[in-house]
Number of protein chains: 2
Amino acid sequence: MAQQKQFTLEDLNFGGRHYYEMTPERRHYQWWGKQLLRLEVDKVSVIDRKNTETVLFTLDDLEAAMPKDEGIVGINLLNSTFPYGEMSCALIKTPKDRVLFDFKSRKIAWRQKHSGSLEWNKESRSDAFSKDDNLWIRLSDGTECQLTEDGSREIVYGRSVHRNEFGIEKGTFWSPDGTKLAFYRMDQTMVADYPQVNTFGRIATHEPDKYPMAGMTSHEVTVGIYDSKTKKTVFLNVGDPKDRYFTNIQWAPDGKSIYLFELNRDQNKATLDCYDAVTGEKKNTLYTETDEKYVEPLHPISFLPWDSDKFLMFSQREGYMRLYLYDTKGKMIRKVTDDTAKGIANKEYIVRDILGFNKKEKSVIVRANVSQYTSMNIVSFSVDGNEANILDGGYGVCDGQLCEDGSYIINQFSNPNVPRAYQLLGTGMKKAERRDLFVAKEPWEGYAIPHISVGNITAADGKTNLKYREVLPPDFDESKQYPTVLYVYGGPHAHLIEDSRNLAARSWEIYMAQKGYIVYVLDSRGSENRGKEFEQVTFRQLGQEEMKDQMKFVEYFSALPYVDKNRIGVHGWSYGGFMTISLMLNNPDIFKVGVAGGPVTDWKYYEVMYGERYMDTPEQNPEGYAKTSVIDKAKNLKGRLQIIIGANDPVVVPQHAMLFINACNEVGTQPDFYIYPGEEHNMQGHMSVHLHERITRYFDDFLK
Amino acid sequence: MAQQKQFTLEDLNFGGRHYYEMTPERRHYQWWGKQLLRLEVDKVSVIDRKNTETVLFTLDDLEAAMPKDEGIVGINLLNSTFPYGEMSCALIKTPKDRVLFDFKSRKIAWRQKHSGSLEWNKESRSDAFSKDDNLWIRLSDGTECQLTEDGSREIVYGRSVHRNEFGIEKGTFWSPDGTKLAFYRMDQTMVADYPQVNTFGRIATHEPDKYPMAGMTSHEVTVGIYDSKTKKTVFLNVGDPKDRYFTNIQWAPDGKSIYLFELNRDQNKATLDCYDAVTGEKKNTLYTETDEKYVEPLHPISFLPWDSDKFLMFSQREGYMRLYLYDTKGKMIRKVTDDTAKGIANKEYIVRDILGFNKKEKSVIVRANVSQYTSMNIVSFSVDGNEANILDGGYGVCDGQLCEDGSYIINQFSNPNVPRAYQLLGTGMKKAERRDLFVAKEPWEGYAIPHISVGNITAADGKTNLKYREVLPPDFDESKQYPTVLYVYGGPHAHLIEDSRNLAARSWEIYMAQKGYIVYVLDSRGSENRGKEFEQVTFRQLGQEEMKDQMKFVEYFSALPYVDKNRIGVHGWSYGGFMTISLMLNNPDIFKVGVAGGPVTDWKYYEVMYGERYMDTPEQNPEGYAKTSVIDKAKNLKGRLQIIIGANDPVVVPQHAMLFINACNEVGTQPDFYIYPGEEHNMQGHMSVHLHERITRYFDDFLK
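Sequence order as written defines residue numbering, which begins from 1 separately in each chain. Note on labels: chains are lettered from A, ligands numbered from 1, in written order. Side-chain atom pairs in this predicted model are given and counted only at pLDDT of 80 or more, local residue features only at pLDDT of at least 70, and totals for whole chains, interfaces and linings cover all residues. Note that the side-chain values use all heavy atoms of the structure and ignore hydrogens as well as water.

### Things to note about the overall build of chain A
- When helices and strands are tallied, chain A shows ten helices and 42 strands.
- For this measure, only C-alpha atoms enter the radius of gyration; the expected value for a globule follows 2.2 Å times N^0.38, where N is the number of residues. Its C-alpha atoms give chain A a radius of gyration of 26 Å, near enough to 27 Å, the size a compact globule of 704 residues would have.
- Viewed in the frame of its principal axes, chain A has a C-alpha envelope of about 70 × 65 × 60 Å.
- Counting across all 704 residues of chain A, residues that qualify as buried make up 63%.
- For chain A, the proportion of contacts with a sequence separation of at least 24, taken over those separated by at least 6, is 59%.
- With an accessible surface of roughly 27,100 Å², chain A has 47% of that area assigned to carbon and sulfur atoms. Here a helix means four or more residues in a row that DSSP labels H or I, a strand means two or more in a row labelled E, and each is numbered from the N terminus. Burial here depends on accessible area, computed with a 1.4 Å probe over protein chains only, as a share of the maximum for the residue type. Under 20% is buried, over 50% is exposed, and the range in between is partly exposed. It only takes one pair of heavy atoms within 4.5 Å for two residues to be counted as in contact. Only the protein chains shown count as cover for residues, and the accessible areas themselves come from Shrake-Rupley with a 1.4 Å probe.

### Focus: the side chain of arginine 613 of chain B
Residue and element names in this part refer to chain B.
- Relative to the helices and strands, arginine 613 is located in helix H7 (residues 608-615).
- Judged by relative accessible area, arginine 613 falls into the buried class, the value being 0%.
- Here a polar contact is recorded for every N or O atom pair within 3.5 Å, except that within protein the pair must consist of a potential hydrogen donor and a potential acceptor, and residues adjacent in sequence are included only if both atoms are side-chain atoms. Side-chain polar atoms of arginine 613 contact the side chain of glutamate 165, separated by 2.8 Å.
- A distance of 3.0 Å separates a polar atom in the side chain of arginine 613 from a polar atom in the side chain of tyrosine 614.

### Observations regarding the pattern of salt bridges
- Salt bridges are defined as contacts in which a side-chain nitrogen from Lys or Arg sits within 4 Å of a carboxyl oxygen from Asp or Glu. Scanning the entire structure with this criterion turns up 94 salt bridges over all chains.
- As a salt-bridge pair, glutamate 25 of chain A and arginine 27 of chain A come within 3.5 Å of each other at their nearest N and O atoms.
- Residues glutamate 262 of chain A and arginine 244 of chain A are paired through a salt bridge, measuring 2.7 Å at the closest nitrogen-oxygen approach. Taken together, the positions of glutamate 262 of chain A in strand S20 (residues 257-264) and arginine 244 of chain A in strand S19 (residues 244-251) put the pair 18 residues apart, joining distant regions of the chain. For the pair shown, glutamate 262 of chain A and arginine 244 of chain A are each scored as buried.
- Each of Arg98, Lys113, Asp127, Lys131, Arg138 and Glu144 of chain B takes part in salt bridges that share partners, so that together they form one network.

### Here's the deal with the relation of the copies chain A and chain B
- The two copies are related by a screw motion: chain A maps onto chain B through a turn of 180 degrees and a shift of 0.0 Å along the axis, at an RMSD of 0.1 Å. Such a turn and shift between the copies fits a two-fold axis. Across chain A, the smallest distance between a C-alpha and the rotation axis is recorded for phenylalanine 673 of chain A, namely 3.0 Å. Here the copies are superposed with least squares, the fitted atoms being C-alpha atoms of residues at a pLDDT of at least 70 in both.

### Considering the packing of aromatic side chains
Residue and element names in this part refer to chain A.
- Here the aromatic set is Phe, Tyr and Trp, taking the six-membered ring for Trp, and pairing holds for ring centres within 6.5 Å; pairs whose planes are under 30 degrees apart are stacked, those over 60 apart are edge-to-face, and all others are tilted. Inspection of the entire model under this criterion finds 89 aromatic pairs over all chains.
- Taken together, a centroid distance of 6.3 Å and an interplanar angle of 35 degrees make the contact between tyrosine 422 and phenylalanine 438 tilted. Here the residue tyrosine 422 occupies a position in strand S33 (residues 418-426), and phenylalanine 438 occupies one in strand S34 (residues 434-439), the gap between them amounting to 16 residues. Of the two residues, tyrosine 422 and phenylalanine 438, both sit in the buried class.
- When the ring of tyrosine 468 is compared with that of tyrosine 520, the centres are 6.4 Å apart and the planes differ by 65 degrees; the resulting orientation is edge-to-face.

### With respect to the nonpolar core
- Among the nonpolar cores identified, the biggest contains 214 residues, and Phe673 of chain A together with Phe673 of chain B are the most heavily contacted of them.
- Those residues within four positions of phenylalanine 673 of chain A in sequence are excluded, and the remaining contacts are Gln642, Ile643, Ile645, Ala657, Met658 and Ile661 of chain A together with Phe673, Tyr674 and Ile675 of chain B. Only buried residues count toward a nonpolar core. Its members are Ala, Val, Leu, Ile, Met, Phe, Trp, Tyr and Cys residues joined through side-chain atoms within 4.5 Å.

### A short note on the environment of alanine 494 of chain B
All names here are of chain B.
- With respect to the helices, strands and loops of the structure, alanine 494 is situated in the loop between strand S37 (482-487) and helix H3 (507-514).
- With relative accessibility at 17%, the residue alanine 494 sits in the buried group.
- Placed 87 residues apart in sequence, alanine 494 and serine 407 show a C-alpha to C-alpha distance of 31 Å.
- Those residues in contact with alanine 494, other than ones at most four positions away along the chain, are Tyr489, Ser527 and Glu528.

### A word on the sheet that holds strand S31 (residues 397-402) of chain B
Residues and elements named next belong to chain B.
- Whether two strands pair depends on DSSP finding at least two bridges between them. Strand order in the open sheet formed by four strands is S31-S32-S33-S34, with antiparallel pairing between adjacent strands. In this open sheet, the two edge strands, each paired with only one partner strand, are S31 and strand S34 (434-439). Shown here is a sheet whose adjacent strand axes are inclined to one another by a mean of 25 degrees, direction ignored.
- As judged from the seven bridges shared by strand S32 (residues 408-415) and strand S33 (residues 418-426), these two strands associate in the antiparallel manner. The residue bridging isoleucine 409 from the neighbouring strand is leucine 425, located in S33. Lines fitted to the C-alpha atoms define the axes, with helices restricted to the stretch that makes contact. Angles between their N-to-C directions range from 0 to 180 degrees.

### Structural notes on the environment of methionine 579 of chain A
- Within the element layout of this structure, methionine 579 of chain A appears in helix H6 (residues 575-586).
- As for methionine 579 of chain A and valine 600 of chain A, which are separated by 21 residues in sequence, their C-alpha atoms are 8.7 Å apart.

### As for the domain arrangement of chain A
- Each domain's extent was defined by an automatic or database domain assignment. Entries for chain A in the domain assignment read domain 1 (27-115), domain 2 (132-300) and domain 3 (451-702).
- The C-alpha centroid of domain 3 of chain A is placed 46 Å from the C-alpha centroid of domain 1 of chain A.

### Brief notes about the pairing of strand S24 (residues 307-315) of chain B
All names here are of chain B.
- Judged from the three bridges that link them, strand S23 (residues 302-304) and S24 form a sheet pairing that is antiparallel. Note on S24: the bridge partner recorded for phenylalanine 303 is phenylalanine 311.
- As consecutive antiparallel partners, S23 and S24 are separated by two residues.
- Sheet topology note: the S24/strand S25 (residues 322-327) ladder contains six bridges and is antiparallel. Within the sheet, the bridge partner assigned to phenylalanine 311 lies in S25 and is tyrosine 326.
- Counting the residues between successive antiparallel strands, the hairpin from S24 to S25 contains six residues, one of them, glycine 319, with a positive phi of roughly 115 degrees.

### Some thoughts on the interface of chain A and chain B
- Tallying the contact residues gives 46 residues for chain A and 46 residues for chain B.
- If you sort the residues of chain A by the area they bury against chain B, Arg202, Ile203 and Gln670 of chain A come out on top, with a joint share of 19%.
- Linking chain A with chain B are six salt bridges, by the criterion used here.
- For the salt bridge of aspartate 701 of chain B with arginine 640 of chain A, the shortest nitrogen-to-oxygen distance reads 2.8 Å.
- Counting every contact that joins chain A to chain B gives 31 residue pairs in polar contact (both at pLDDT 80 or more). When two parts are put together, the accessible area they lose, computed with a 1.4 Å probe and summed over both, is reported as buried area.

### Points about helix H10 (residues 687-702) of chain B
- Take the residue count of a helix, subtract one, and multiply by 1.5 Å to get its expected span. With 16 residues, H10 of chain B extends 23 Å between its outermost C-alpha atoms, agreeing within 8% with the 22 Å of an ideal straight helix rising 1.5 Å per residue.
- Summarising burial for H10 of chain B: 13 of the 16 residues are buried, a large majority.

### Structural notes on unusual backbone geometry
- A positive phi angle, close to 55 degrees, is found at asparagine 248 of chain A, a residue other than glycine.
- With respect to the helices and strands, asparagine 248 of chain A occurs in strand S19.
- Accessibility expressed as a relative area gives 6% for asparagine 248 of chain A, which makes it buried.
- The backbone of aspartate 243 of chain B shows a phi angle near 55 degrees, a positive value even though the residue is not glycine.
- Structurally, the position occupied by aspartate 243 of chain B is in the loop between strand S18 (232-235) and strand S19 (244-251).

See the structure below:
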């Protein structure tokens, strides 16, 4: 029998040289109306009901249609889309242009530049784009119109605002017909700069970055609407925008109104408001939600495709994120995603997102963890009746892409038995139509693979079930005692354990196990997908309840005969870096070694939106800030602790690490420290391999 | 027999809590005309020829004379001076004022504010001071006059210029009678900022620092002269000051002329020029010195007290820094410090500085290493004749303070047998008058003291003698093999081995030896006190010849039976940090562990004055810069290397460390790194204890 192969970080880490060969094979599918297509680098094929693939067109066909002096340099058909079900056209990006290629007539049907593109609309074929910090649009015929003139580093147009919190990912919003553009304007003139330094020039340069810290003056956001017909812009009449958040912009189907959520700075009151898109005046407030801790609107409303007076709205007001059907007068009609429907095993499920609608059956297709809380299923809910249909196999983590009328969905999923697979699912409420498109082979055949399993413990509250992951060395011998590392995150909006490939074990866990460590991971209270109460237990005291759960877990695994309780380490990044330092300083005799990456060390140096949601301001919650700060606990450091940051981290700014290290220097404790010049909050590309070699070496130096 | 006591860094390090108790006792002497005084915190005494001390006045006497509401809070008599030999007055600084206390009449004779004081003149009792970046003077009667108006961060008045190179330590120069003030004006508007960051505020702030890097645009310096009688300022008419250095300003004894050295940017041509102090026009150029490598004027000229037409000038044009007698027409009269005088054992001596003149005997009293190059003697040279008299015992490192007429000097010295002693020396040319004032006891009695010795090796050039220091553990056993650390500096204007207490062994060497390491130190070619050729061998290739010598030394000690050649480490700071990295990367199989503090990693990021003197510009010397840079050699890193910097180092800016670390991150080598937030080029106070604990721990972790 051949010796089993050993992994390197070049194999396992996403930045590694062999990473792509070592991950399960991917396929690329797209819908063209109701037709299922398979995209490859050099061709696009139609897949029929028997999984037979017929070539629709090739890169050669495209080349024949392109101007000779241009050819197909830089074109990859994997990126094609098929925006018009009724037209035989592929939308393809060349290095400079957006091109509509008619694969029937084999001709270029239309083209347009895409430089600076922010968002393109398929109806009008207009493109919103950015030039010299100002916002422009490019019409279908190529005409360019300038929308703003005072754009700068301080006055920002058409970009994501509020530091990407509240579900905000972009700053432009086309009306359904693509004739009007809603856009964010963010005034940051009143916000303090964080002085980032670029050390790569002939001489280092100052690159200031507006960074509103918890309790400090924040930016002011407004929303403009440009009408490409009248060439005029109106701003929503919101009054003084100071200390207010405007999020989750949605157009009415007729393009005459705009809906958005407004949140107060305290983040404990949200309203859903409708504004007139022509006058900018507020028409009505449809909905108000308050919470003694916080409200966090994360999703725009979704209008029903068959009834433009009704929409679905997300809310976790009853404890779990669910969908509610409202009309445009603000009247609630019903709760669509109830937990009484047949087949829902996990009554505490949350709806993750809406994938679309089955228009014929009047159902909404969502992702929700209805089978068990560690899975993510694809589920049809009837909008009007109390019915649900779990479309996937019920075990695993799914994501999907609906065809035009919503009758079918491509499900890409994995579970511990299936490294990666693609299925075609029918979305009908009654039938269970499911067809495998592709099942990837396990790419780690022949390698020494660690033993990965999940288990359950009870949280520190004495009642809540928590899932943990255990990763044991491939040659695990239960009569031995192993050095053991707790990998930790712990923050909101994240979970580490799920029913995906390898139970979501991170590549570093595999690597460490192979090197002879045991790795443990726990999703403590405060993490996602478990509902409001579970999440909000951390309010005004980030890290405290999480630590209790993690320590309960450490107690548990320390008592296992194969865990060496004198060699316990801990590692985490970002919130997990904060947790790592917190755990080490609050339990100095437990953890021998820790590595804390990009750590928050005092929440008052974190930004307003995230920081104040969970902690309120330093002025409102001085005890909470003091209790959770690790800076004044620097004297408790006993084990070996390495702190690692990106020198240009704009998220958890270097001030966090600097102040903690200075505190250690002053009280005479000795952390270690490393820095990645030019890197931000997470190491990019191959730097991540270097980082994980570094983290591993630290445990090898001091824990092994 | 009692167990010998062990040192801690709190005992040994200058920032340690017990440092002062653990250093040889100090005494404080001052001259009052020809009278020798001993200063203590609460009293001042006269010492007669028999060493009998008689109290002159006490702090109580001063208190009785001070206004009742003011008292003696914050006054320490150790800081008193006695500027007027003919007056019974002590000059004492209170927290706010300069006070002349007449200790005979027991009255306050005069007082004046000293806020912002830059330089006070005892003749006019005028004070040059700085306020809001501008230069002012405060007359004896308290009147304040503003000299400049456009002072700012960019236009700097009355401060040291040219980054303290060329012997420049201050920016104001009173005429002998204190009626005219010469001052530097430095225009930095054209100089790039280095972006320093202060991480201690509510949010970090940018604190830019003008930093002209080698080859980049430098600042422009001019010299103004303010006449307190006419209230007018004239600037020396030097023409365009771009790329020129003006240094070593000296007034003519009559206050009518100003002498200074001018150096070109290439630093290979210096002239001594005389300017009219009233018109600012150049009167004549007295002297020109060129060198194919560099000229470095470090001392102002010194006029003979008995002949205001003649002065002494320093030059190492003949190979060793010596004094030459010139007249004010620029005619050289003679070389004063020849090496043919009787008693001069080391013919290759250098004159370190002028302590003063014996006016009666017409001799100049200097410090020079005439007995052997590792000592620093006090020597009288007759100005007119070829005579010399070594005033000290001839073995040790001396410093002295002359009485008013120069007939006696207080010599503070130490040598390996004398921890610290104070002597009164007659400066007469013929007699050897020498009287002990105080000999301090050895403060380390009862401690386990390492074995410290010096030895000689031949440099890599095959001919030059070099001295090294060996520090062996207190319980050294030559049959054992020890981990061994090379401590290195190597740069110009420094030496590490001399005939002072413990042969100048640094406290960390003592500490390391006590912990069971052997420490070696070598003064390689390029270091000071050995003459021009010895120093200039490093020209255009800093670190290269030094490395050859250091490696010759490593070869030598590695072959010693008690040195473990598999456990050799290296440590150095600043230039020594540069050397540490250079040694490790150029000899990856020799050094297992290194700690490099505040290291230069590429000379093009160092400043213009020092950088270009030794390296020329990056444009003139691309091969030299490439050869000496460690950044592109990052892939050679094999041993464990920790780099440590002050986060706000304004001398070797953080860019050096950042670029080297980034290079390692890119090629996949793994240095370690630590940072001291808020600290500059050297750790201050107790931070130095933390630093040396850190350095020691690194060797304990990986070399022991």
